[in-house]
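Read off the chains here:
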Amino acid sequence: MGRHSEFTQEVADLVCDRLMGGESLRAICAEKSTPSRVTILKWLGDYPQFAAQYARAREIQADTLADEILVLADKSRTGKIVTDKADGTREVKTADMVERTRLQIDARKWFASKLAPKKYGDRTAIEHSGNIGTGNPEDLTDEQIAERLQRLSAMRNAGA
């Protein structure tokens, strides 16, 4: 069976289901039985209902990645660390693969933050104290009002 290039809801559902399961679009499209990545990207522009379905699948994919982070963090993974020494010998140690796990967690955190920035992105706190400077017009003196009107008139004249 060749690659799909004609849009069908069945294939769209398959692609979105696999995205929601945590697979990358690249991995899905690497199979000969699925549409190419270029075809999927064209469908996003040509079929608004698919674009909405795809966007929702990507949001759910972010949740899947967040769930995977917890699994990775909770699971101990033992591996071998091989070191070749200067004297030609080789040292083999068995240890928890903390660095590899950290890399996997960081990659999932980063990708989830791009897929769903409002939910998983960095939050920026903006604090304000003091007066912005506009003030309540009722609290302005006649001189302040006249000065502001002059500045406004000068800006308008400069733009003309």
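About the thresholds
Residues numbered from 1 in each chain as written. Predicted model: local features only at pLDDT ≥ 70, side-chain atom pairs only at ≥ 80, totals over all residues. Heavy atoms only, no water. Helix = DSSP H or I, 4+ residues; strand = E, 2+ residues; numbered from the N terminus. Buried < 20%, exposed > 50% of the residue type's maximum accessible area, 1.4 Å probe, protein only. Phe/Tyr/Trp six-rings, centres within 6.5 Å; stacked < 30°, edge-to-face > 60°. Contact = heavy atoms within 4.5 Å.

(A) Structural view of the side chain of Gln61. Looking at the element boundaries, Gln61 is found in helix α4 (residues 48-74). Gln61 gets classed as buried once you look at its relative accessible area, which sits at 1%.

(B) Looking closely at the packing of aromatic side chains. Within this structure, the stated rule accounts for 6 aromatic pairs. A ring pair is formed by Phe7 and Trp43, whose centres lie 5.0 Å apart and whose planes are at 80°; its orientation type is edge-to-face. Taken together, the residues Phe7 in the segment before α1 (9-20) and Trp43 in helix α3 (residues 37-46) connect sequence positions 36 residues apart. Across the pair, Trp43 and Phe7 agree in class, each one buried. Where Phe7 meets Tyr47, the ring centres are 4.2 Å apart and the plane angle is 20°; that geometry is what we call stacked.

(C) View of the side chain of Ser113. Tracing the sequence through the fold places Ser113 in helix α5 (residues 98-115). Of the residues examined, Ser113 reaches a relative accessible area of 14% and is grouped as buried. The residues contacting Ser113, other than those within four sequence positions of it, are Tyr120 and Gly121.

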